[in-house]
Amino acid sequence: MIRGRPSHIEDALCRMYGNQWFMWTDSKNKIYANLRLSPKVGVNEKIVDNPVTELPTETAVNAKLKEMQDAWDAANGG
Amino acid sequence: MALSKIDVANMLTGATPVANGGTALTSGFVNGVSGLGAEVDSWRISSDFTNAASPITTWERVDTSFDKIGTGLTHSSGIFTFPSTGKYFISGWLVGDLSGSSRYNQFVLQHTPDNSTYTTRAISDSLVIQVSSAEGSWNCALNYFVDIESTTNDKIRFLFSTANSSTRVFGNTNTSYSGFTCIKLGAT
């Protein structure tokens with residue numbers, strides 16, 4: 001299935017770094033205020049400290065989402 | 001002399017009906033809490049991620065239109081512990097997308113019998129070949145039967161690896177794009 005135009009900050013977050021580096025305090029309410037760093041991630045079959053040590057700012061996340069939306073629009077005749 | 005009661009248990013060769021004081025079970029079947037479906041659980045990946053996750057660590061129990069039957073599995077850092085000994089059926093799946101190509105997108109189930117050394121027991125793999133500038137979708141699915149002889153030592157975990165670091169695995173808190181179900185079939 002295809003998701004279509006990026007529309008949520010999670011679309012941007014998972015393009016900023018790989019692996020499961022972020023998590024939500026409330027997965028039913030995925031807003032920036034509920035965004036947290038995962039303490040651990042799985043790498044090469046081991047649980048290690050998350051190499052991402054600082055959350056991107058809300059501005060940076062929104063800018064990444066906008067960049068992705070612009071790219072999608074350009075590729076889809078928007 | 002008329003009989004007021006019949007000793008059904010001594011007159012039947014099969015199962016004795018519950019209404020007549022039996023269990024309604026024949027040899028080879030178990031009753032109630034340890035039998036088929038006494039444990040049914042379903043988990044999913046709650047958020048999208050890209051690249052590999054080995055093991056996959058971000059799971060949540062499915063809570064939309066479902067509630068576990070029985071005690072349910074316990075999760076910690078990608079490792080699942082079973083609530084009781086027995087034979088279980090596990091069915092897992094991943095769905096994702098990619099703008100590009102990937103020689104492999106591999107979904108793996110691993111089991112440890114000693115709470116230490118994990119062995120790969122099931123693998124599903126898919127290939128993505130780019131045919132346009134838009135994302136292409138992919139999926140993996142696997143099934144596995146596992147005999148849990150110890151709730152302390154027998155555990156499972158899931159891994160995802162890909163040849164393209166931009167490969168995205170779908171995760172969602174309302175829809176089980178990626179997840180697994182687990183059903184207890186019977187005693188060990």
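Chains are numbered independently. Their residues run from 1 in the order of the written sequence. Whichever chain is written first becomes A and whichever ligand is written first becomes 1, with later ones labelled in order. With the structure being a predicted model, the display of local features is reserved for residues of pLDDT at least 70 and the display and counting of side-chain atom pairs for 80 or more, all residues being used for whole-chain, interface and lining totals. The side-chain figures draw on all heavy atoms in the structure; neither hydrogens nor water molecules are used.

Enquirer: Before we move on, can you summarise helix α2 (residues 58-75) of chain A with the specific residues and values?
Expert: Residue and element names in this part refer to chain A. Each helix corresponds to a stretch of at least 4 residues labelled H or I by DSSP, and each strand to a stretch of at least 2 residues labelled E; elements are numbered beginning at the N terminus. To estimate how far a helix should reach, multiply one less than its number of residues by 1.5 Å. In this model, α2 (18 residues) spans 26 Å end to end at C-alpha, consistent with the 26 Å of a helix rising 1.5 Å per residue. Exposure categories follow from relative accessible area, calculated using a 1.4 Å probe and restricted to protein chains: below 20% of the type maximum is buried, above 50% is exposed, and the middle band is partly exposed. Buried residues of α2: V61, L65, M68, Q69 and D73, and no others. Down the axis of α2, the buried set is contained in an arc of 135°. They therefore lie on one face. Exposed residues on α2 whose side chains face more than 90 degrees from its buried face are T59 and A74. Our arc is simply the arc of the directions from the helix axis toward the C-beta atoms.

Enquirer: Hey, could you go over empty space enclosed by the protein for me, with residue numbers and the actual values?
Expert: Here a cavity denotes a set of grid points, spaced 1 Å apart and computed over the protein atoms alone, in which a 1.4 Å probe fits but from which it cannot get out, and a pocket denotes an open set meeting protein on both sides within 12 Å along at least five of seven lines; residues with an atom within 4 Å of a point are reported as lining. Grid points are joined across faces, edges and corners, and a volume is the space filled by probe spheres set on the points. What the rule picks out here adds up to one cavity of 30 Å³ or more. Estimated volume of the largest cavity: approximately 40 Å³. Lining the largest cavity are N19, Q20, W21 and F22 of chain A together with S47, D48, F49 and T58 of chain B.

Enquirer: An account of the nonpolar core is requested, with residue identities and associated values reported.
Expert: Grouped burial of nonpolar side chains is what soluble globular proteins tend to show. As used here, the term nonpolar core means buried Ala, Val, Leu, Ile, Met, Phe, Trp, Tyr and Cys residues forming a set that is joined through side-chain atoms within 4.5 Å. I56, F82, I90, F158 and F180 of chain B are the most contacted members of the largest nonpolar core, which totals 29 residues. Secondary structure elements with two or more residues in this core: β1 (40-45), β6 (86-98), β7 (102-112), β8 (119-128), β9 (136-148), β10 (155-162) and β12 (179-186) of chain B. Here this core takes six residues from β9 of chain B, the largest share from any one element. Residue contacts for F82 of chain B: discarding those within four places in its chain leaves L73, Y88, I90, V146, I148, T151, D154, I156 and C182 of chain B. Listed in part, the twelve residues of the second largest apolar core include I9, A12, V52 and V61 of chain A. By the convention used here, residues are in contact when the closest approach between their heavy atoms is within 4.5 Å.

Enquirer: Describe the interface of chain B and chain A, and please don't skip the residues or the numbers.
Expert: By a frequent convention, interface size equals the accessible area lost on bringing the separate parts together. With 36 residues of chain B in contact, the opposing surface of chain A contributes 24 residues. Buried area is calculated as the accessible area (1.4 Å probe) missing from two parts once they are joined, with the contributions of both summed. When chain B packs against chain A, close to 2300 Å² is buried across both sides, 43% of that on carbon and sulfur atoms. Basic side-chain nitrogens of Lys or Arg form a salt bridge, by our definition, when they fall within 4 Å of a carboxyl oxygen of Asp or Glu. Where chain B meets chain A, there are five salt bridges. Here a polar contact is taken to be a pair of N or O atoms separated by no more than 3.5 Å, where protein atoms must pair a possible hydrogen donor with a possible acceptor and residues adjacent in sequence count only if both atoms sit in side chains. Linking chain B to chain A there are 24 residue pairs in polar contact (both at pLDDT 80 or more).

Enquirer: Give a detailed account of the environment of Q130 of chain B, specifying residues and quantitative values.
Expert: Residues and elements named next belong to chain B. Mapped onto the elements, Q130 comes out in the loop between β8 and β9. Owing to a relative accessible area of 38%, Q130 belongs among the partly exposed residues under this scheme. In the structure, Q130 is positioned 31 residues away from S99 in sequence and 7.0 Å away in space, judged by C-alpha atoms. Within the structure, the side chain of Q130 is placed 3.0 Å from the backbone oxygen of S132, a separation counted as a polar contact.

Enquirer: Kindly report on the packing of aromatic side chains, identifying the contributing residues and their values.
Expert: Ring geometry is summarised as follows: Phe, Tyr and Trp rings, the Trp one being its six-membered ring, pair when their centres sit within 6.5 Å, and such pairs are stacked at plane angles under 30 degrees, edge-to-face over 60 and tilted between the two. Per the stated rule, a full pass over the model turns up 16 aromatic pairs over all chains. Both rings, one in Y17 of chain A and one in W21 of chain A, keep their centres 5.0 Å apart while their planes meet at 80°; by these two values the pair is edge-to-face. Owing to a relative accessible area of 38%, Y17 of chain A belongs among the partly exposed residues under this scheme. Looking at W21 of chain A, the relative accessible area reads 0%, which means it is buried. For the pair F158 of chain B and F180 of chain B, a centre-to-centre distance of 4.7 Å together with 35° between the ring planes defines the contact as tilted. One end of the pair, F158 of chain B, is in strand β10; the other, F180 of chain B, is in strand β12, with 22 residues separating them in the sequence. With a relative accessible area of 0%, F158 of chain B lands in the buried category. A connected cluster of aromatic rings, assembled from ring pairs, spans W43, W59, F80, F107, F158 and F180 of chain B.

Enquirer: Residues and numbers for the sheet that holds β10 of chain B, please.
Expert: Residue and element names in this part refer to chain B. Strands are treated as partners if at least two bridges between them are detected by DSSP. On the basis of which strands lie adjacent, the open sheet formed by five strands has the order β4-β5-β10-β7-β8 and antiparallel pairing. Sheet topology places β4 (74-76) and β8 at the edges, where each strand pairs with a single neighbour. The mean inter-strand angle of the sheet, taken between neighbouring strand axes irrespective of direction, is 20°. The pairing of β7 with β8 spans eight bridges and is antiparallel. Residue pairing in the sheet places Q110 in a bridge with T120 of β8. For helices, the axis comes from a line fit to the C-alpha atoms of the stretch in contact; other axes are also lines fit to C-alpha atoms, and the angle between any two N-to-C directions lies between 0 and 180 degrees.

Enquirer: Residue-level account of helix α1 (residues 9-16) of chain A, with values.
Expert: Most of α1 of chain A sits inside the fold, with six of its eight residues counted as buried. Buried residues of α1 of chain A: I9, E10, D11, A12, L13 and C14 of chain A, and no others. Packed against the buried residues of α1 of chain A are β1 (22-24), β2 (35-37) and α2 of chain A together with β2 (49-50) and β11 (168-169) of chain B.

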